[in-house]
2 protein chains.
Amino acid sequence: MVATTESNTANEEMKVERSVTTLRSLTLEKMRDAILDFRFKPGERLVERTLCERLGVSRSVVREVLRHLEAEGLVETIPHQGPAVTKPDPAQAAQIYEIRGLLESEAARACALNAPEAAIAELGGVIDEIDAAFQTGSPREVLRRTTEFYEKLFVAAGKEVAWDVVRSLNARINHLRSMTIAQEGRHRAAIAEMRLLHAALLRRDAAGAYEASRAHVATVAGLAGAILSRI
Amino acid sequence: MVATTESNTANEEMKVERSVTTLRSLTLEKMRDAILDFRFKPGERLVERTLCERLGVSRSVVREVLRHLEAEGLVETIPHQGPAVTKPDPAQAAQIYEIRGLLESEAARACALNAPEAAIAELGGVIDEIDAAFQTGSPREVLRRTTEFYEKLFVAAGKEVAWDVVRSLNARINHLRSMTIAQEGRHRAAIAEMRLLHAALLRRDAAGAYEASRAHVATVAGLAGAILSRI
DNA sequence: GATTGTCTTATGGTATACCATCATACGTAA
DNA sequence: TTACGTATGATGGTATACCATAAGACAATC
């Protein structure tokens, strides 16, 4: 049994990898990036023939990509009115922040317990980059780097599925997140909160990491709530 | 301002609703149901032309539906090998149960605090139906009713987004869930655990509901883990 | 100037055609 | 009988055609 298992593994390793990239997957990536980077605004209609021209692909590819983005919640389609970028819904936003709080704090706890030293060190480096992006006045860069931070946190904690969930939910409140980042005075507080979390991770303080993460999400949830109540 | 708001609301109420159902949305529902009801087995290839014949629609509709199911995680597509029903991955299954534990116990807590009496009473009725389905030896009916129970729990708790997340994750471990239900002796224990949760809800015991839910998911996670280790 | 009727254009829904690539089957030669 | 080469069929990827419906533009009438 062991012998055959080893030989199977050897055969698996021999297999030629097929990494042909389809037009569809390239287009999906570009569309998702364009939405998350506000090149398509929340509420903006996504007219199929217009997208064909901009992307240089056929309607088949565009329609399949729209179906994918629809399932991800980034696009909503009203029958016979067509697709549009999803707008943040206040009630849903509040629930999304709550789910984030639950999943992120659990990931922070697990990270403090299990993550390799190198991974925790890397998180510190990303916080520095977030700080630099704040200083150069690049909100998109701040958002991008913050996403990178959390991806590394979740992966280091061994929670890839939770990361998929959080990334998908975050995409739906991308605009709100951008607005909380752009708040006056948010720079200093955000960096302080992230360093607090990182310090807890460094000293392997699971409860401290949990609490720092929970508090951070509660803070940004409150900011987002205030923004929504002004719209 | 108030006057115009009222007049806007009156105009909104007057609007004609367009509820035309596309072939695509009907097909999506049928495919999802077929997968969740094991008419397509985990790992089974979904050949486009075969699906066209079975469903009586064109490849355009089939491909768009496959893209949607792909984004939901129910289908996976290997380039140039085609789509297949997603198979449960042990590492991902463990993480999915953990996320369920976090979200379901929070929903149970909120349900104990906030849900209307009628909603909690309704939950009791669904447990009775689950019991009956166990007794008639209908695992599919047990699975269906259990899904119904949790949907009502989340909605009563006001956590529709979390329900979307849990439903989507559950779809990916549908086969595992079916196998834990089919375990010998599971009937009695499952019903007891659900009644424990319901009793806590009835007496508005938030901490008790939280703990009962957490323990229940931990139990089924353990059963699923044991099943996976035997495969 | 406003309203109504009609025509045209825009757009999503769906079907089908074509192509490239890969797997399988068959024939031939050693 | 086995191995190799070639042909054929299967299948996913992509493009395009056609249709129906709704929205918008324009002209005529009051």
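Residues numbered from 1 in each chain as written. Chains lettered and ligands numbered in written order. Predicted model: local features only at pLDDT ≥ 70, side-chain atom pairs only at ≥ 80, totals over all residues. Heavy atoms only, no water.

1. A short note on the overall build of chain A
And then number 1: Within chain A one finds 11 helices and two strands.
And then number 2: Moving toward the C terminus, one meets the helices and strands of chain A in the order α-α-α-α-β-β-α-α-α-α-α-α-α.
And then number 3: Viewed in the frame of its principal axes, chain A has a C-alpha envelope of about 65 × 55 × 30 Å.
And then number 4: The buried share of chain A, taken over its 231 residues, is 45%.
And then number 5: A sequence separation of at least 24 residues applies to 72% of the contacts in chain A between residues at least 6 apart.
And then number 6: When the accessible area of chain A is evaluated, it comes to approximately 11,900 Å², of which 54% is carbon and sulfur surface.
And then number 7: Put simply, chain A has 31 plus and 32 minus side-chain charges, and the middle of one group is 6 Å from the middle of the other. (Helix = DSSP H or I, 4+ residues; strand = E, 2+ residues; numbered from the N terminus. Buried < 20%, exposed > 50% of the residue type's maximum accessible area, 1.4 Å probe, protein only. Contact = heavy atoms within 4.5 Å. Areas by Shrake-Rupley, 256 points an atom, 1.4 Å probe, with all protein chains shown as cover. Lys, Arg positive; Asp, Glu negative; His and termini not counted. Charge placed at Lys NZ, Arg CZ, Asp CG, Glu CD.)

2. Overview of the protein's contact with DNA strand C
And then number 1: Taken together, the neighbourhood of DNA strand C is formed by 17 residues, with Arg59 and Arg63 of chain A together with Leu23, Ser58 and Ser60 of chain B sitting nearest.
And then number 2: Note that a phosphate oxygen of DNA strand C is positioned 3.2 Å from one of the side-chain N or O atoms of Arg63 of chain A.
And then number 3: Taking Ser60 of chain B, its side chain carries an N or O atom lying 2.4 Å from a base nitrogen of DNA strand C.
And then number 4: For the surface near DNA strand C, the elements supplying multiple residues, two or more each, are α3 (48-55), α4 (59-72) and β2 (82-85) of chain A together with α2 (23-36) and α4 (59-72) of chain B.
And then number 5: In terms of residue class, the surface near DNA strand C is made up of four nonpolar, four polar and nine charged. (Near = heavy atom within 4 Å. Polar contact = N/O pair within 3.5 Å; in protein donor to acceptor, adjacent residues only side chain to side chain. Nonpolar A, V, L, I, M, F, W, Y, C, P; charged D, E, K, R; others polar.)

3. Remarks on the domain arrangement of chain A
Residue and element names in this part refer to chain A.
And then number 1: Along its sequence, chain A is organised into domain 1 (18-85) and domain 2 (90-230).
And then number 2: Listed by partner, the interface residues are eight residues for domain 1 and nine residues for domain 2.
And then number 3: A combined buried area of about 670 Å² lies between domain 1 and domain 2, and 57% of that area is made up of carbon and sulfur atoms.
And then number 4: Broken down residue by residue, the surface that domain 1 buries against domain 2 is led by Leu36, Asp37 and Phe38, which jointly contribute 64%.
And then number 5: With its nearest N and O atoms 3.5 Å apart, the salt bridge here joins Arg144 to Asp37.
And then number 6: At the surface where domain 1 touches domain 2, the tally comes to three residue pairs in polar contact (both at pLDDT 80 or more). (Domains from an automatic or database assignment. Buried area = accessible area lost by both parts, 1.4 Å probe. Salt bridge = Lys/Arg side-chain N within 4 Å of Asp/Glu carboxyl O.)

4. A look at the protein's contact with DNA strand D
And then number 1: Inspection of the region around DNA strand D gives 18 residues, with Leu23, Ser58 and Ser60 of chain A together with Arg59 and Arg63 of chain B positioned closest.
And then number 2: Between DNA strand D and the protein, one listed contact pairs a phosphate oxygen with a backbone N or O atom of Arg24 of chain A at 3.4 Å.
And then number 3: In this structure, a phosphate oxygen belonging to DNA strand D sits 3.5 Å away from a side-chain N or O atom of Arg45 of chain B.
And then number 4: Broken down by secondary-structure element, the contributors of at least two residues to the surface near DNA strand D are α2 (23-36) and α4 of chain A together with α3 (48-55), α4 and β2 (82-85) of chain B.
And then number 5: Looking at the surface near DNA strand D, its residues break down into five nonpolar, four polar and nine charged.

5. So, the packing of aromatic side chains
Residues and elements named next belong to chain A.
And then number 1: Following the criterion strictly, the structure yields four aromatic pairs over all chains and no others.
And then number 2: Centroid distance Phe149 to Tyr150: 5.1 Å. Interplanar angle 85 degrees. Geometry classified as edge-to-face.
And then number 3: Accessibility expressed as a relative area gives 0% for Phe149, which makes it buried.
And then number 4: Seen in terms of ring centroids, Phe154 and Trp163 are 5.6 Å apart; in terms of plane orientation they differ by 35 degrees. Their pairing is tilted.
And then number 5: Exposure remark for Trp163: the relative accessible area of 4% places this residue in the buried category. (Phe/Tyr/Trp six-rings, centres within 6.5 Å; stacked < 30°, edge-to-face > 60°.)

6. Describing the interface of chain B and chain A
And then number 1: Taken together, the contact between chain B and chain A spans 27 residues of the former and 26 residues of the latter.
And then number 2: A combined buried area of about 2,600 Å² lies between chain B and chain A, and 61% of that area is made up of carbon and sulfur atoms.
And then number 3: Counting the contacts that link chain B with chain A gives six salt bridges.
And then number 4: Taking the shortest distance from any N to any O, the salt bridge between Glu64 of chain A and Arg63 of chain B comes out at 2.7 Å.
And then number 5: Counting across the interface, chain B meets chain A through 12 residue pairs in polar contact (both at pLDDT 80 or more).
And then number 6: Secondary-structure elements contributing two or more residues to the side of chain B that touches chain A are α4, α5 (90-114) and α8 (160-172) of chain B.
And then number 7: By residue class, the composition of the side of chain B that touches chain A is 11 nonpolar, six polar and 10 charged.

7. Observations concerning the confidence of the model for chain A
Parts of the prediction with low pLDDT should not have their coordinates interpreted in detail.
And then number 1: With 90% of its residues at a pLDDT of 70 or more, chain A shows a mean pLDDT of 89.
And then number 2: Predicted confidence is poor over residues 1-8 of chain A, with pLDDT under 50, and the contacts of this stretch with residues over four places away or in other chains come to zero contacts. (pLDDT = per-residue confidence, 0-100.)

8. A few points about the nonpolar core
And then number 1: Counting 104 residues, the largest nonpolar core has Phe149 and Leu201 of chain A together with Phe149 and Leu201 of chain B as its most contacted members.
And then number 2: Non-local contacts of Phe149 of chain B, meaning those with residues more than four positions away in its chain, are made with Leu123, Val126, Ile127, Ile130, Met194 and Leu197 of chain B. (Core = buried A, V, L, I, M, F, W, Y, C linked by side-chain atoms within 4.5 Å.)

9. Some remarks on the side chain of Arg100 of chain A
And then number 1: Along the chain, Arg100 of chain A turns up in helix α5 (residues 90-114).
And then number 2: Setting aside anything within four residues of it in sequence, one finds Arg100 of chain A in contact with Ser105, Val166, Asn170, Ile173, Arg177 and Val217 of chain A.

10. Side note on the packing of helix α6 (residues 117-135) of chain A against helix α7 (residues 139-156) of chain A
Residues and elements named next belong to chain A.
And then number 1: Put simply, α6 and α7 touch, their axes get as near as 9 Å, and they point 170 degrees apart. If you check the angle between α6 and α7, you find them roughly antiparallel. Taking contact as the criterion, the partners of Ala119, Glu122, Leu123, Val126, Ile127, Glu129, Ile130, Ala133 and Phe134 in α6 are, on α7, Glu141, Val142, Arg145, Thr146, Glu148, Phe149, Lys152, Leu153 and Ala156. (Axes fitted to C-alpha atoms, helices over the stretch in contact; angles between N-to-C directions. Parallel < 35°, antiparallel > 145°, perpendicular 65-115°, else oblique.)

11. Structural notes on the environment of Val61 of chain A
All names here are of chain A.
And then number 1: Structurally, the position occupied by Val61 is in helix α4.
And then number 2: On the basis of relative accessibility, which here comes to 14%, the residue Val61 falls in the buried class.
And then number 3: Separated by 112 residues in sequence, Val61 and Ile173 have C-alpha atoms that sit 26 Å apart.
And then number 4: In this view, Val61 contacts Leu23, Arg24 and Thr27; residues no more than four positions away in its chain are not counted.

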